[in-house]
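Next come the chains, spelled out residue by residue.
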Amino acid sequence: MHCALCTVLLPVMAEDAVEFRAQAPAQVIVGKPFQLTYTVNQRARDLRAPEMSDFEVLAGPYTSTSSSTSFVNGKRTSTYTQTYTYTLLAQREGTFTIPPANIKVSGEKYQSNGVRITVLPPDEQPATGTSQGGNAQQSIPSQQSASDGSITSENLFIRTIVSKTRVHEQEAILLSYKLYFAGVDVAQFTNNTKIPEFTGFLKQDLEQGDIQTELEHYNGRNYQTAVLYRTLLYPQHSGDIQIDPATFEAVLRVQTRARAQVRSIFDDFFGTYTNVTKTLKAPGTTIHVEALPKGKPAGFAGGVGQFTLSSNISQTEMQANEAVTLKLTIQGTGNMKLLKTPTVDWPDGFEPYDPKVTNNFKTTAAGMSGSKTIEYLAIPRAAGEYTIPPITFAYYDTQEDAYKTLSTPEYSLRVQRGVGEEAGTPVVNNYVNKEDIKTLGTDIRYIYTGEVAAAAPSNPSAAIVCQYAWAGYVLPLLIACLLFAIFHKRIQENADTTRVRSKRANKVAQKRLKKAAQLMKKGESEAFYTEIERALWMYLSDRLSVPTADLNKDNIASILRGKGVGEEIIAEVNRVLSDAEFARYAPSAAQSKEQLYSAATQIIDQLESKA
């Protein structure tokens, strides 16, 4: 029976792909033994271990096997594991690699992975007192404090670690809170954690999975460490920005000594433990932020980092009234969320539409990376040869400490007349849809001017009827002339794009503010802040007749001064724009939604009466 079962199981196990793996701790300590294991998921023989000249082999290899069979819904699953274990001892500090091993399975030769091990120095001998400066975290802790179960700031503390302390505006900083403990059993962390507001920074948290521990040599001692929290910070202004301390709360498992009269043999053997809640404080730090250098190039989109630019166009030959799409892709690492959309200088005769923006970002310890794709759509309204000039994108390169400008190639377009379009059809303006231009007066008929023999009316009522008949011809003519005059004036007004945009500015802004109010009532914070910011920038773009991508706080102030707007209102405009932008990306540190909504409404009302 046993042989029959083995005969059935072996083919099942043989169907699995062979997996041969080596495992060892990533960090070990000089003079302390550790284990290196090789596991294979099928019956194997003739293990050929590599030479381990950097380590002393204390024992091994010890061989063990395990197997299991399970039945789920009538389906049988079998597993088999064969393990070879070595006990090694690190002889010196450094980082070493153990080469792959070889083994045979069913006559075939298989190779494992290599193992990379960092060897840390042993703990330094305990010193008397603390190190210079009196900082408990910098002192060399005694072995006694860790081994007797006591909890001190020497064997349990949190460090605030930043990747850089001197950066430029918008340059990413990685901030981590890292726990260090030795001789202490950390059971769990509570929800009573207080992270600072990070005022002055745009914050982007990194995903935190299960907390993993690793060994680290710090200040002469080896600690178990765990990263509790990580975030990317983007400074929003120059100067020294202070990061406040953070607070964490941990539950520790501490061994207690029972009184002699109540102790039992089980207490002596197993020990008695209790849970103790400990509050841990991570110190604050200061970041020195330098302003971006002067001389920002044209087309600067606020980018800080490293980026590339690419573009393509859907077609270069088309018919009138046939859409063309220009796609722009910005890739790289940096403050991707704050990049402004570049402007396309479409030629006259093209009707552009609002661009479609697609963001594909991911946040890692190296910073925010990914791509920003912008699709520009326009419709040519007349035949001809056209040129789309290069699109420029300028940014500040943090590695080379200099501004860089990227540009797309120039595109030449050939537009042929559309189906049914007559030659020489004029184009009123690229802001007026072809469908909006209607043919007027087609219902007017020419009046016959020849001689007509007038018949004398047989009675007075016939004369009256004749007069009404003439009025029926003249009145439509007058109405047609009036309509022609009205539509002609409207076409002329539409051709004046500056006037059109200025007139519609307040109406469009009020629609966006109304939508923002609805989002605020629904509690959709992110969408609310986006709509408020968009309402302000689109209003200023239309009101001042400046493309959105070319707008910045400096030229807004200059244009408003030219229109006679006072400095107090200009300062208020800049403040509201800054608050809206900051609230969009750092809502936790921003003012309330009601205050921001009220400020945006008031500044638009003030500009309507002044500008």
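This one's a predicted model, so the numbers in the text were calculated from it and none came from an experiment.

(A) Expanded view of the packing of aromatic side chains. For the structure shown, the criterion picks out 19 aromatic pairs. A centroid spacing of 5.4 Å and a plane angle of 80 degrees characterise the contact between phenylalanine 157 and tyrosine 223, whose relative ring orientation is edge-to-face. One end of the pair, phenylalanine 157, is in strand β11 (residues 156-162); the other, tyrosine 223, is in strand β17 (residues 221-235), with 66 residues separating them in the sequence. Note on phenylalanine 157: relative accessible area 3%, which makes it buried. Among the residues examined, tyrosine 223 registers a relative accessible area of 1% and is labelled buried. What links up through ring pairs into an aromatic cluster is the set Phe157, Tyr180, Tyr218 and Tyr223.

(B) Inspection of helix α7 (residues 553-562) at higher detail. When we look at burial in α7, the residues that qualify are Ile556, Ala557 and Leu560. All buried residues of α7 lie within an arc of 95 degrees about the axis, which places them on one face of the element. Set apart from the buried face of α7 by more than 90 degrees, the exposed residues are Asp554 and Gly562. Immediately downstream of α7, the backbone of glycine 564 shows phi near 85 degrees, a positive value.

(C) Here's a closer look at the sheet that holds strand β8 (residues 102-105). Strand order in the open sheet formed by 3 strands is β4-β8-β9, and the pairing between neighbours is antiparallel. With partners counted over all chains shown, the strands left at the sheet margins are β4 (45-48) and β9 (108-111), one partner each. Going across the sheet, the axis of each strand differs from the next one's by a mean of 25 degrees, ignoring polarity.

(D) How the structure looks around the side chain of glutamine 82. Along the chain, glutamine 82 turns up in strand β6 (residues 75-90). Owing to a relative accessible area of 7%, glutamine 82 belongs among the buried residues under this scheme. For glutamine 82, the side chain forms a polar contact with the side chain of tyrosine 80, separated by 3.0 Å. At a separation of 2.5 Å, a polar atom in the side chain of glutamine 82 contacts the side chain of tyrosine 84. When residues no more than four places from it in sequence are discounted, the contact partners of glutamine 82 are Tyr38, Thr39, Val40, Gln42, Arg43, Ala44, Thr63, Ser64 and Thr65.

(E) Structural context of helix α6 (residues 525-544). Look at α6: 29 Å from first C-alpha to last across 20 residues, which is about the 28 Å you get at 1.5 Å a residue. Within α6, 15 of the 20 residues are buried, which leaves the element mostly enclosed by the surrounding structure. Note on α6: the residue one or two positions beyond its end, serine 545, has a positive phi of about 60 degrees.

(F) Spatial organisation of unusual backbone geometry. With an omega of 5 degrees, the peptide bond between glycine 60 and proline 61 qualifies as cis. On the secondary structure map, proline 61 appears in strand β5 (residues 55-72). Although it is not a glycine, phenylalanine 198 adopts a positive phi angle of roughly 55 degrees. The phi torsion at asparagine 321 lies on the positive side, around 70 degrees, for a residue other than glycine. Tracing the backbone through its elements, the reader meets asparagine 321 in the loop between β23 (317-319) and β24 (324-334). Taking relative accessible area as the criterion, asparagine 321 reaches 28% and is therefore assigned partly exposed.

(G) Local environment of the environment of valine 105. The residue valine 105 is located in strand β8 in this model. Here the alpha-carbon distance between valine 105 and aspartate 46, two residues 59 residues apart in the chain, equals 8.9 Å. Setting aside its immediate chain neighbours within four residues, valine 105 contacts Val18, Val40, Gln42, Arg43, Ala44 and Tyr110.

(H) View of a nonpolar patch on the surface. A contiguous nonpolar patch, built from Tyr473, Val474, Leu475, Leu478, Ile479, Leu482, Leu483 and Ile486 and spanning about 800 Å² of accessible area, is present on the exposed surface. By relative accessible area, which is 41% here, leucine 483 ends up partly exposed.

(I) Geometry of the pattern of salt bridges. Tallying each qualifying case throughout the model produces 14 salt bridges. A salt bridge links aspartate 397 to lysine 404; the nearest nitrogen and oxygen atoms lie 3.4 Å apart. The exposure class of aspartate 397 is buried, given its relative accessible area of 4%. Here lysine 515 and glutamate 531 are joined by a salt bridge, their closest N and O atoms 3.9 Å apart. Of this pair, lysine 515 sits in helix α5 (residues 497-522) while glutamate 531 sits in helix α6; the two residues are 16 residues apart in sequence, bridging distant segments of the chain. You can call lysine 515 partly exposed: its relative accessible area is 43%.

(J) Looking closely at the sheet that holds strand β31 (residues 411-416). The strand order across the open sheet formed by 3 strands is β23-β31-β28, and the pairing between neighbours is mixed. The open sheet has two edge strands with one neighbour each: β23 and β28 (384-388). The sheet shows a mean angle of 30 degrees between the axes of neighbouring strands, direction not considered. Relative to β31, β28 is paired through 5 bridges, and the arrangement is antiparallel. Counterpart to threonine 387 in the pairing with β31 is serine 412.

(K) Summary view of the pairing of strand β3 (residues 33-40). Pairing of strand β1 (residues 20-23) with β3, which is carried by 4 bridges, proceeds in the antiparallel orientation. Across the sheet, residue glutamine 23 finds its bridge partner in β3, namely threonine 37. Across 8 bridges, the pairing between β3 and β6 is antiparallel. Note on β6: the bridge partner recorded for glutamine 35 is threonine 87.

(L) Spatial organisation of the environment of valine 573. Counting through the fold element by element, valine 573 comes out in helix α8 (residues 567-585). Assessed through its relative accessible area of 3%, valine 573 is described here as buried. Between the alpha carbons of valine 573 and isoleucine 604 there is a distance of 8.9 Å; along the sequence they are 31 residues apart. Residues in contact with valine 573, not counting those within four places in the same chain, are Leu540, Ile556, Leu560, Ile603 and Leu607.

The rules we used
- Residues numbered from 1 in each chain as written.
- Predicted model: local features only at pLDDT ≥ 70, side-chain atom pairs only at ≥ 80, totals over all residues.
- Heavy atoms only, no water.
- Phe/Tyr/Trp six-rings, centres within 6.5 Å; stacked < 30°, edge-to-face > 60°.
- Helix = DSSP H or I, 4+ residues; strand = E, 2+ residues; numbered from the N terminus.
- Buried < 20%, exposed > 50% of the residue type's maximum accessible area, 1.4 Å probe, protein only.
- Arc of directions from axis to C-beta.
- Pairing = 2+ DSSP bridges.
- Axes fitted to C-alpha atoms, helices over the stretch in contact; angles between N-to-C directions.
- Polar contact = N/O pair within 3.5 Å; in protein donor to acceptor, adjacent residues only side chain to side chain.
- Contact = heavy atoms within 4.5 Å.
- Expected span 1.5 Å × (residues − 1).
- Patch = residues over 30% accessible without salt bridge, like charges linked within 9 Å, V, L, I, M, F, W, Y side chains within 5 Å.
- Areas by Shrake-Rupley, 256 points an atom, 1.4 Å probe, with all protein chains shown as cover.
- Salt bridge = Lys/Arg side-chain N within 4 Å of Asp/Glu carboxyl O.

Such coordinate-based values are descriptive only and should not be taken to indicate function.
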